[in-house]
Amino acid sequence: QVQLVESGGGLVQPGGSLRVSCAASGFSFSAYYMTWVRQAPGKGLEWVSTIYHGGGITFYADSLKDRFTISRDNAKNMLYLQIDSLKPEDTALYYCTRGDPLAGMDYWGNGVLVTVSS
């Protein structure tokens, strides 16, 4: 069955960096767009970034594109999100999802918590 398992979250000081990862299994990973979505405490879901099959085409939320970098390793069935210059408002659950916002994301991981605080 399809599984998406995030890892790499934790407590980080403002200004720091973090990379969250997603291990995908149960489907042909390289055949799918992949998307990161986040949810801050008490707020709704926010689209963060999408990456196309081969990894050469990426999209970001306008407010995040200068600090966030999405990437994938199709040989390892891994999706990544590098976050630099972390801000307290980046505190959120980060979800790895299969698909993209236009066609829909049909599978979601359980999320990984990133907390930015001094």
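Our subject is the structure that appears above.
Note that this is a predicted model, so its numbers are computed, not measured.

Conventions used here
Residues numbered from 1 in each chain as written. Predicted model: local features only at pLDDT ≥ 70, side-chain atom pairs only at ≥ 80, totals over all residues. Heavy atoms only, no water. Helix = DSSP H or I, 4+ residues; strand = E, 2+ residues; numbered from the N terminus. Rg over C-alpha atoms; globule rule 2.2 N^0.38 Å. Contact = heavy atoms within 4.5 Å. Areas by Shrake-Rupley, 256 points an atom, 1.4 Å probe, with all protein chains shown as cover. Lys, Arg positive; Asp, Glu negative; His and termini not counted. Charge placed at Lys NZ, Arg CZ, Asp CG, Glu CD. Disulfide = S-S within 2.5 Å. Core = buried A, V, L, I, M, F, W, Y, C linked by side-chain atoms within 4.5 Å. Buried < 20%, exposed > 50% of the residue type's maximum accessible area, 1.4 Å probe, protein only. Pairing = 2+ DSSP bridges.

(A) Highlighting the overall build of the protein. Of the regular secondary structure elements, the protein holds zero helices and eleven strands. The N-to-C order of helical and strand elements in the protein reads β-β-β-β-β-β-β-β-β-β-β. The C-alpha radius of gyration computed for the protein amounts to 13 Å, which stays within 12% of the reference 13 Å derived for 118 residues, consistent with globular compactness. Seen through its C-alpha atoms, the protein measures out along the principal axes to roughly 40 × 25 × 25 Å. Taking the intrachain contacts of the protein between residues at least 6 apart in sequence as the baseline, contacts between residues at least 24 apart amount to 53%. A total of about 6000 Å² of accessible surface is found on the protein, and carbon and sulfur atoms cover 49% of it. Measuring between centres, the 9 positive side-chain charges of the protein sit 2 Å from its 10 negative side-chain charges.

(B) Quick look at the state of the cysteines. Counted under the stated rule, the structure contains one disulfide. C22 shares a disulfide with C96; S-S distance 2.1 Å. Taking the sign of the S-S torsion, -70 degrees for the link of C22 and C96, the bridge is left-handed. With C22 in strand β3 (residues 18–25) and C96 in strand β9 (residues 92–100), this residue pair connects regions lying 74 residues apart in the sequence.

(C) Representation of the nonpolar core. In this structure, M34, W36, F68, L79, L81 and Y94 are the most contacted members of the largest nonpolar core, which totals 29 residues. Secondary-structure elements contributing two or more residues to this core are β3, β4 (34–39), β5 (45–51), β7 (68–73), β8 (78–83), β9 and β11 (112–116). With four residues, the single largest contributor to this core is β3. If sequence neighbours within four positions are ignored, Y94 has contacts with E6, W36, V37, R38, F68, L81, I83, G111, V112 and V114.

(D) Fine view of unusual backbone geometry. Of note, N77 is a non-glycine position whose phi angle comes to about 55 degrees, a positive value. Here N77 is to be found in the loop between β7 and β8. The backbone of S85 shows a phi angle near 45 degrees, a positive value even though the residue is not glycine. Along the chain, S85 turns up in the loop between β8 and β9. Judged by relative accessible area, S85 falls into the partly exposed class, the value being 41%.

(E) The pairing of β11, seen in detail. The alternating pattern of β11 places V112, V114 and V116 on a buried face and L113 and T115 on a face that is not buried. Judged from the three bridges that link them, β9 and β11 form a sheet pairing that is antiparallel. Within β11, the residue paired with Y94 across the bridge is V112.

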